[in-house]
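# Commentary on secondary and tertiary structure
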Amino acid sequence: MKEHRLSRYILSFLFLCLAAAPAHSLAADQESQNAKNEFTLEGIKVTANKREQSLQKVPSSVSAIDSIHIDDYRIETMEDIFENLPNINFVKTGPAASMTSFASVRGISSSMGGSPVLGLYVDDIYYSSLDMSLLDLERVEVLRGPQGTLYGRNTEAGVINIVTKQPTNTYEGKLAADYGSFNAYGVKGMVSGPLVYDKVLMRLTGSYKGSDGYINNSFDDDDNVNAHREIDFRGKIAMPVRDKGLNMSLTVDGQNYKSDGYADYSDLDNSDPYEVNVDFPGKTSRDAYGLSLRASYDFDSMALTSITSYRDEVNQNDNDIDFTSVDYARLYLDHDVNTYSQELRLTSTDAASPLQWQVGAYGFFEKFDRNYISRMNMTPMGMGVMNFVSDSQTDSTGGALFTEGSYTLWDKLTLTAGLRYDHIYREIDYSMDNAGMMPNYSGSNSKSFDAWLPKLSVSYQLTPNIMPYATISRGFREGGFNVKERLGEAFKSEFAWNYELGVKTTWLENRLTANLAAFYIDWKDRQVEIINAGTFMIDNAGDATSAGFELEVSARPMEGLELVASLGYIDAEYDSYDNGVEDFSGNTVINTPEYTARLGATYRFTNGIFLGGNYRHYGKSYTDPANTESQSDYGLMDVKVGYEKDHFSVYAWGANIFDTEYYTRKVPRASMGGGLAEYVGRPGSPATVGVSFALDF
């Protein structure tokens, strides 16, 4: 593999620092403490329930990662979020521009071609794709289990709520850069401050990064086959009118990703999983832009909030889907998604009142254009190169009304109830050019999808630091139309009921928190992905159930040292699933690791030395419903050492330092015969090392 020598040098440096650092600790002044060490989980405020609450008072399974932990554990992509939390799994199907990566949470899994099961919101704005970089974040909140009451469609498994940093009334800035294995580089910058003091504030953030990639194509000996570069930016203007109770903010953001190679999949029997052998390296690109306006007005005991947004995402992929050196099959796709949305909500603000409530309305319009070209080289059969072209435009119009309220009795018992009604009308126009092999066809279809989404919960403040709770909630994944195989054919919405018992606890004067949640999920009208010969379709096929638990612990046993640990377990199986050829009933649901475990630690010495380590372990998961192909259990270890002083920091780091080999996705290849591997897989990142620095001003 590439760059093993560089990896050995930097890893040697890391372990030398680990060995030397304790000597500095013995001489440190124990009375001084870095401000970062004052963090306790009890102090985190979250807004995932669309009102500010203490994390320890939310009666559901919620994880929060604040900006300090985002930096300490180098959480820079969506994949990094998934790797650090229990019972959530990120199925990465390709590069960031692929728009096909998806999530599995508590056994509820999405697919490459259908609607998501996990909703992604950035500053209350819905994002249709999980493939995004994380830039200038205040915190990340992850809610497990259906969140239909407050969020509606496509939150059947949960919600990721990302909160970015706001403009400041004083000037500040930051510059950061890093460099690592495979010529990976990145630079970031931020500036914030008043344009008009106390009246108009701004914050600008941008990043530029890239890499030569870790895949080698033996066909032409190209070791940069998945090289890429990416530009991200965000700009915010805030206009607070404090004496009038009015706050307004305007946000614009964008992402540009480009790679002249898209060849990530290799035969599973390859001795080197990072080597592919394809005649066509492919290419991919992504352009995504968004504009949003947020306005809120505070009355005496309530606040009115309006959120208006527009997003445009264009993704283009062209790749070899026979995954061989033979010029046989390619697939080109072009996705263009335009989404307009508007939300209004009225929320109570009297924190002393036993009654807390909110009511709201939401509407959206989405236009989704898809173009697929399946290129088949039939020259050996005397038919030349044939292009099978499918085009579709899906227009979706939706609206929802929702309410949620809670009432506290005797300052201890809190009862919460909520209800949402969602209505979506969807229509599709489509056409198929079969290259003369079969008759061409075109048509249209339309269908409405409706859902009632209730929620009930009860919590009891047993002591100031112990809160057991029980929650029942319903979520749904909207139905739609097939856009590749069975073009234009509708599939139904799927629904899930979640039953959850949990307890949130704080111990040792806020030095230890331990939260436990157990769940049972009943999953109906499942949307299943059927992959065949490089193409796919969605169908409704039976029911499934999932049961398990999550345990999360955070501790500060001594000054400077912070520990985090988590454990998740899932038993998810198909209750009924018969595709007409095979009966998969009783099998394990795909893309669901049996368990996820994590142990992380950071130590800040008073002389500025920083040490960090993070180990994650994932249980076995199946990649096909017949349970014949799987990813065995594996572990990943990261380390980080550095020096922090005033407004300057420098670090050396290593990710997957034991060079564990694993796959993020396995799929059947387009049939070619000749004894080739039946499945191909996309390998996860190998061992990487690097250095980074940051300057605050």
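Source: prediction; values computed, not measured. (Residues numbered from 1 in each chain as written. Predicted model: local features only at pLDDT ≥ 70, side-chain atom pairs only at ≥ 80, totals over all residues. Heavy atoms only, no water.)

### Notes on the packing of aromatic side chains
Where we set the bar: Each Phe, Tyr or Trp ring, with Trp reduced to its six-membered ring, pairs with another whose centre is within 6.5 Å; inter-plane angles below 30 degrees give stacked pairs, above 60 give edge-to-face pairs, and intermediate values give tilted ones. When a residue's accessible area, from a 1.4 Å probe over protein chains only, is under 20% of the maximum for its type it is buried; when over 50% it is exposed; and in between it is partly exposed. Think of it as a cone above the ring: NZ of Lys or CZ of Arg counts as a charge over the ring if it is within 6 Å of the ring centre and within 35 degrees of the ring normal.
The tally for this structure, following the rule as stated, stands at 21 aromatic pairs. Seen in terms of ring centroids, Tyr-577 and Phe-584 are 4.9 Å apart; in terms of plane orientation they differ by 65°. Their pairing is edge-to-face. Each member of the pair, Tyr-577 as well as Phe-584, is classed as buried. One aromatic cluster is present, formed by Tyr-121, Tyr-126 and Tyr-151 through successive ring pairs. One cation-aromatic arrangement involves Arg-370 over Phe-368; the distance from NZ or CZ to the ring centre is 3.5 Å. Taking the ring centre of Tyr-73 as reference, the NZ or CZ of Arg-598 above it sits at 4.7 Å.

### So, a nonpolar patch on the surface
The criterion, for reference: Patches here are clusters of residues that have more than 30% relative accessible area and form no salt bridge, with a 9 Å joining cutoff for like charges and a 5 Å cutoff for nonpolar side chains (Val, Leu, Ile, Met, Phe, Trp, Tyr). Per-residue accessibility takes into account occlusion by the displayed protein chains alone, with areas from the Shrake-Rupley method and a 1.4 Å probe. Here, a salt bridge means any Lys or Arg side-chain nitrogen found within 4 Å of an Asp or Glu carboxyl oxygen. By the criteria applied, helices consist of DSSP H or I runs no shorter than four residues and strands consist of E runs no shorter than two, each listed in order from the N terminus.
Side chains of Leu-175, Tyr-643, Phe-648, Val-650, Phe-693, Leu-695 and Phe-697 sit close together on the surface and give an oily, nonpolar patch of about 620 Å² of accessible area. With respect to the secondary-structure elements, Phe-648 resides in strand 40 (residues 648–655). Judged by relative accessible area, which is 38%, Phe-648 ranks as partly exposed.

### Considerations on the environment of Asp-571
Put simply, the rule reads: When checking whether two residues touch, look at their non-hydrogen atoms; a contact exists if any pair is within 4.5 Å.
Of note, Asp-571 is situated in strand 34 (residues 561–576). The class of Asp-571 is partly exposed, set by a relative accessible area of 43%. Residues Asp-571 and Arg-106, 465 residues apart in the sequence, show an inter-C-alpha distance of 8.6 Å. In this view, Asp-571 contacts Thr-545, Ser-546 and Ala-547; residues no more than four positions away in its chain are not counted.

### A few points about the sheet that holds strand 10 (residues 158–164)
Operational definition: Paired strands are those between which DSSP finds at least two bridges. All axes are obtained by fitting lines to C-alpha atoms, using only the stretch in contact for helices, and the reported angles, taken between N-to-C directions, cover 0 to 180 degrees.
One open sheet accounts for five strands, arranged 3-9-10-7-8; its pairing is mixed. Two strands lie at the open edges of the sheet, namely strand 3 (62–66) and strand 8 (125–127), each paired on one side alone. Here the average twist between neighbouring strands, direction ignored, is 20°. For strand 3 and strand 9 (residues 137–144), the ladder comprises five bridges, and the chain directions are antiparallel. From the neighbouring strand, Ala-64 faces strand 9, where its bridge partner is Glu-141.

### Focus: the side chain of Ser-104
This is how the line gets drawn: What qualifies as a polar contact is a pair of N or O atoms within 3.5 Å, subject to a donor-acceptor requirement within protein and to the restriction that residues adjacent in sequence count only when both atoms come from side chains.
In this fold, Ser-104 is placed in strand 5 (residues 102–105). A polar side-chain atom of Ser-104 sits 3.1 Å from the main-chain carbonyl oxygen of Asn-591.

### Overview of the pattern of salt bridges
Evaluation of the coordinates by the stated rule reveals 36 salt bridges. For Arg-74, the salt bridge goes to Glu-76, with nearest N and O atoms at 3.8 Å. When its relative accessible area of 21% is taken as the criterion, Arg-74 is described as partly exposed. Among the salt bridges present, the one from Lys-666 reaches Glu-629, with a minimum N-O distance of 3.5 Å. Of the two residues, Lys-666 is situated in strand 41 (residues 663–668) and Glu-629 in the loop between strand 37 (621–622) and strand 38 (630–631); the sequence distance between them amounts to 37 residues. We classify Glu-629 as buried; its relative accessible area is 19%. A cluster of three or more residues bridged by salt bridges with shared partners is formed by Lys-50, Asp-124, Arg-294, Glu-343 and Arg-345.

Just distances and angles here, no functional claims.
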